[in-house]
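Below, each chain spelled out in residue letters.
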Protein chains: 2
Amino acid sequence: MSVPPLVVVPAQTGTAFELSSGEILTVVAPEGSQVADLAFYSKADPRESFSSGRTIDYAESILLTTGAVLYSNRSNPMAQIVADDVGRHDCLLAPCSARMFQLLRGQNDHPSCHENLAMALRKYGIDPDDIGSTFNAFMNVDVTDGRIAILPPLSKPGSAILFESRMDLIIGLTACSSEYTNGGSCRPVAYVLGSAP
Amino acid sequence: MSVPPLVVVPAQTGTAFELSSGEILTVVAPEGSQVADLAFYSKADPRESFSSGRTIDYAESILLTTGAVLYSNRSNPMAQIVADDVGRHDCLLAPCSARMFQLLRGQNDHPSCHENLAMALRKYGIDPDDIGSTFNAFMNVDVTDGRIAILPPLSKPGSAILFESRMDLIIGLTACSSEYTNGGSCRPVAYVLGSAP
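Attention here is on the structure that accompanies the text. (Residues numbered from 1 in each chain as written. Chains lettered and ligands numbered in written order. Predicted model: local features only at pLDDT ≥ 70, side-chain atom pairs only at ≥ 80, totals over all residues. Heavy atoms only, no water.)

On to helix 3 (residues 113–121) of chain B. Counted residue by residue, helix 3 of chain B has seven buried out of nine residues, so it is predominantly covered. Along helix 3 of chain B, the residues classified as buried are Cys113, His114, Asn116, Leu117, Ala118, Ala120 and Leu121 of chain B. Where helix 3 of chain B is buried, its residues meet helix 1 (52–59) of chain A together with strand 2 (14–19), strand 4 (36–42) and strand 11 (169–174) of chain B. (Buried < 20%, exposed > 50% of the residue type's maximum accessible area, 1.4 Å probe, protein only. Helix = DSSP H or I, 4+ residues; strand = E, 2+ residues; numbered from the N terminus. Contact = heavy atoms within 4.5 Å.)

Its boundaries defined by the atoms lining it, the largest pocket holds a volume of some 210 Å³. Lining the largest pocket are 19 residues, with Asp57 of chain A together with Leu93, Met139, Ile150 and Thr181 of chain B positioned closest to its centre. Of the residues that constitute the lining of the largest pocket, the class distribution is 12 nonpolar, three polar and four charged. (1 Å grid on protein atoms, 1.4 Å probe; cavity = no way out; pocket = protein on both sides within 12 Å on 5 of 7 lines; lining within 4 Å. Points joined across faces, edges and corners; volume = space filled by probe spheres on them. Nonpolar A, V, L, I, M, F, W, Y, C, P; charged D, E, K, R; others polar.)

All names here are of chain A. Read from one edge to the other, the open sheet built from six strands follows the order 1-12-3-10-6-5, with strand pairing classed as antiparallel. Taken across any chain shown, the strands that pair with only one partner, and hence form the sheet edges, are strand 1 (6–9) and strand 5 (69–71). Each strand axis lies, on average, 25 degrees off the axis of its neighbour in the sheet, ignoring direction. When strand 5 meets strand 6 (residues 77–84), the two strands line up antiparallel, connected through three bridges. Across the sheet, residue Tyr71 finds its bridge partner in strand 6, namely Pro77. (Pairing = 2+ DSSP bridges. Axes fitted to C-alpha atoms, helices over the stretch in contact; angles between N-to-C directions.)

Next up on the list: the sheet that holds strand 2 (residues 14–19) of chain A. All names here are of chain A. Across the sheet, which stays open at both edges, the four strands sit in the order 2-11-4-7 with antiparallel pairing between neighbours. Taken across any chain shown, the strands that pair with only one partner, and hence form the sheet edges, are strand 2 and strand 7 (135–137). Within the sheet, the average angular offset between the axes of one strand and its neighbour, ignoring direction, is 25 degrees. Note that strand 4 (residues 36–42) and strand 7 share three bridges and pair antiparallel. For Leu38, the partnering residue across the bridge sits in strand 7 and is Phe135. Along the sheet, helix 3 (residues 113–121) contacts strand 2, strand 4 and strand 11 (169–174); its crossing angle with strand 11, the most-contacted strand, is approximately 140 degrees.

The next subject is the interface of chain B and chain A. Tallying the contact residues gives 35 residues for chain B and 35 residues for chain A. Taking both partners together, chain B and chain A bury about 3100 Å²; carbon and sulfur atoms supply 49% of that area. By the criterion of area lost to chain A, the three top residues of chain B are Arg47, Arg54 and Asp129 of chain B, representing 18% of everything that side buries. The tally of links from chain B across to chain A stands at six salt bridges. The partner of Arg47 of chain A in a salt bridge is Asp127 of chain B, with the nearest N and O atoms 3.2 Å apart. Our enumeration of links across chain B and chain A arrives at 18 residue pairs in polar contact (both at pLDDT 80 or more). Counting residues per element, the ones that place at least two in the side of chain B that touches chain A are helix 1 (52–59), helix 2 (98–105) and strand 9 (147–151) of chain B. Residues that form the side of chain B that touches chain A fall into these classes: 16 nonpolar, eight polar and 11 charged. (Buried area = accessible area lost by both parts, 1.4 Å probe. Salt bridge = Lys/Arg side-chain N within 4 Å of Asp/Glu carboxyl O. Polar contact = N/O pair within 3.5 Å; in protein donor to acceptor, adjacent residues only side chain to side chain.)

The values are spatial; any link to function lies outside them.
Laid out in structure tokens, this is it:
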């Protein structure tokens, strides 16, 4: 039996690919301590996309881990988390963007997940305005008394999270570009398409 | 000096209107204990809309009250909360929808904020798929250890929240249709356009 290849997404870059209904996407932090933002779209109609607001409502939780279903803006199941080595991910924050680095850190022309997703998803005709809610794998956001704090990821080298698709999907995936979010420096992520859990 | 009129939004309905940059929108819970979902769009290009993910990131908080700026998916300021009698609102959850009532409560054909917003915003050419993030005034969502719990609103009869627009806006506004969210029964909301704070 052939083993599906592990594809590396270099630090501060992004990619996009398709995943058929029922297939597995494995996202890995090869060196640990690195966030991977995921954007999900229906292949049949990419105007249907992941909605954190619907997903949180149906999960009754902001902490999504094994068993959680990711819902679309049309309330359809898009994918389910079927395994999770870390158990700490974010679905509240929008992906980092060039404008975010200007506003929050005074940095111009910083690479960002939003621009990397926009570039990678262009071949599928997805409008940058539709890159809104993302599932930010391994992102460690603490919410205490309403205040949020972005902490270093809890992922170890090789930590993985597995998604089983519930519809034919277009997926954007980044190795997050924010040093601040990734414990001080940016590393690659990696993924495997189509492997059984 | 003429006083701008108070407009009532009947229980389980919605409306939409324009607000010019610098003008004030006052949203009132006339009988208390009632949620009002607000959807914000740029009049210049309604594909620019309120983003909870950007707003939470820039506010470093999920609890938005006086002083907080509501940001768009393009990271532009859309409106600022300039007064707030209650201090407890939600920006995590998507507006209730017919599908939500089916999924969570087994109720068919229940009126909903999403359908009411879609109907009210149709005249501005806004696609129902673009009704995603909303600011849910007076909605009382507790987040403890990641779990969310929807509690009765803390608003008293006449409680108000005031928004000053930072761009020319199209705004959708509902008297939320969910009995569960509104302490057991649905009531009207009301609003005033253009009054000084």
